[in-house]
Amino acid sequence: MTRKVLGIMGGPCLDGNTSALLDAALEGAKGAGAEVERLDLVRMNIHPCLACRACDSGTSCAQDDDEMPEIYSRITSVDAIILASPIFFMSLTAQTKAMIDRCQCFWVEKYVLGRRRYGTGPRPKGLLVACAGSDKAIVFEPARHVAKAFFAAIDYEWSGEVLLPHTDDPLLEPRKNAALVAAREAGRRIASD
Ligand SMILES: Cc1cc2nc3c(=O)[nH]c(=O)nc-3n(C[C@H](O)[C@H](O)[C@H](O)COP(=O)(O)O)c2cc1C
């Protein structure tokens, strides 16, 4: 059966480094035979979580007047998600975080109600792609924690990350090219493992 790989672009610049790395990862997945789709959160209407607690009882999210249902249906039907975000103030972008917070219903399902969507079988895979302007040693740490918590909540298997630090570097090109190669390879891997 053809694998489905979803790219979620959480950055607002659709012609930036993060976008290019996401496309490279999706290209790699496509080259491995997967059916790929990319959603750009900046073009979507996704409200933040209101902590209404409706999902505490295991129901779906009570907000039904935005495009989050499209994301829910992909999460439960694809074989892998590539989550791409630049680093904004040491973390994922607001668009990405809003989408993640709205996945609290999956967190309740797994951690409160103890329902494992995939049982003991193979789980879908989650890959993080991120870019940061600086080369601070810890610049990706908060984003990594959030992305890992997201993939764990939706019961996906963490499949690693492709990171490009120091995009402010005037000599970025060779490192960017290497990151594009790594992204293509990571996309190929999550579509074929
Ligand atoms: C609002 C904002 C906050 C940012 N915060 C950080 C930060 O905390 N650390 C960092 O290294 N770069 C930061 N940056 C720089 C971006 O991470 C960097 O420019 C990145 O390459 C942008 O992604 P893009 O190339 O896909 O557009 C920030 C940029 C913006 C616009």
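Residues numbered from 1 in each chain as written. Predicted model: local features only at pLDDT ≥ 70, side-chain atom pairs only at ≥ 80, totals over all residues.

Examining the overall build of the chain
Here is the rule we go by: What counts as a helix is a DSSP run of H or I of at least four residues, what counts as a strand is a run of E of at least two, and both are numbered from the N terminus. The globule rule used for comparison is 2.2 Å times the number of residues to the exponent 0.38, while the radius of gyration itself is calculated over C-alpha atoms. The burial criterion counts other C-beta atoms lying within 10 Å of a residue's C-beta, which is placed from the backbone; the residue is buried at 20 or more, exposed at 12 or fewer, and partly exposed between these limits.
When its secondary structure is counted, the chain shows six helices and five strands. Helices and strands appear in the chain in the N-to-C order β-α-β-α-β-α-α-β-α-β-α. A compact globule built from 193 residues would reach a C-alpha radius of gyration of about 16 Å, and the chain, at 16 Å, matches this within 12%. Considering the chain as a whole, with its 193 residues, one finds that 39% of them fall into the buried category.

A closer look at the pairing of strand 4 (residues 125–131)
Under the convention used in this document: Each pair of strands is called paired provided DSSP finds at least two bridges between the two strands. For crossovers, right-handed means that the path from the first strand over the helix to the second runs clockwise, given strands pointing away from the viewer.
Strand 4 sits mainly inside the fold: seven of its seven residues count as buried. Of the two faces of strand 4, the one lined by K125, L127, V129 and C131 and the one lined by G126, L128 and A130 are each fully buried. Pairing of strand 3 (residues 80–86) with strand 4, which is carried by seven bridges, proceeds in the parallel orientation. Bridge assignment links I81 to a residue of strand 4, and that residue is G126. The pairing of strand 4 with strand 5 (residues 157–164) spans six bridges and is parallel. Looking across to strand 5, one finds that A130 is bridged to L163. Note on the crossover from strand 4 through helix 5 (residues 141–153) to strand 5: the handedness is right-handed.

Comments concerning the site of the ligand
Put simply, the test is: A molecule or strand has a residue near it when that residue's C-beta atom, placed from backbone coordinates, lies within 6 Å of it. Think of it as three bins: nonpolar holds Ala, Val, Leu, Ile, Met, Phe, Trp, Tyr, Cys and Pro, charged holds Asp, Glu, Lys and Arg, and polar takes everything else, Gly as well.
Near the ligand there are 17 residues, and of these G16, T18, P86, G133 and S134 occur at the shortest range. When its residues are assigned to classes, the shell around the ligand shows nine nonpolar, eight polar and no charged.

Quick notes on the packing of helix 1 (residues 17–31) against helix 6 (residues 173–192)
Condition: Every axis in this analysis is a line fitted to C-alpha atoms, fitted for helices over the stretch in contact. Angles between the N-to-C directions lie between 0 and 180 degrees. An angle counts as roughly parallel when it lies under 35 degrees, as roughly antiparallel when it exceeds 145, as roughly perpendicular when it falls between 65 and 115, and as oblique in every other case. Less than a right angle of anticlockwise turn of the near helix away from the far helix marks a crossing as left-handed, whereas a clockwise turn marks it as right-handed. The contact criterion used is a C-beta to C-beta distance within 7 Å, with each C-beta placed from the backbone.
Axis separation between helix 1 and helix 6 bottoms out at 6 Å; the angle between their running directions is 40°. Judged by the angle between their axes, helix 1 and helix 6 are oblique. Seen from above, helix 1 lies across helix 6 with right-handed handedness. The residues of helix 6 that touch helix 1, namely those facing N17, A20, L21, A24, A25, L26, E27, G28, A29 and G31, are K176, A179, L180, A183, R184, E185, A186, G187, R188, I190 and A191.

Considerations on helix 1
For an α-helix, the turn length of 3.6 residues means that residues three or four places apart are oriented alike. Note the threshold: Given the number of residues in a helix, its expected span is that number minus one, multiplied by 1.5 Å.
Across its 15 residues, helix 1 extends 21 Å between first and last C-alpha, which sits within 8% of the 21 Å expected from 1.5 Å per residue. A large share of helix 1 lies buried, amounting to 11 of its 15 residues. For helix 1, the elements touching its buried residues are strand 1 (4–9), strand 2 (35–40), strand 3, strand 4, strand 5 and helix 6.

Digging into the nonpolar core
What counts, and what does not: Buried Ala, Val, Leu, Ile, Met, Phe, Trp, Tyr and Cys residues form a nonpolar core when they are connected through C-beta atoms within 7 Å.
Counting residues in hydrophobic clusters, the biggest one holds 51 residues, and the most contacted among them are V5, L21, A25, I82, V129 and A183. Considering every element that reaches this core, the biggest residue donor is helix 6, with seven residues. Ignoring any residue separated from it by four or fewer positions in sequence, one finds A183 in contact with L21, A24, A25, G28, V129 and V162.

Brief notes about the sheet that holds strand 5
Read across the sheet, five strands follow the order 2-1-3-4-5 without closing on themselves; strand pairing throughout is parallel. A single partner strand is all that each edge strand has here, and the edge strands are strand 2 and strand 5. Neighbour to neighbour, the strand axes of the sheet diverge by 15° on average, direction disregarded.

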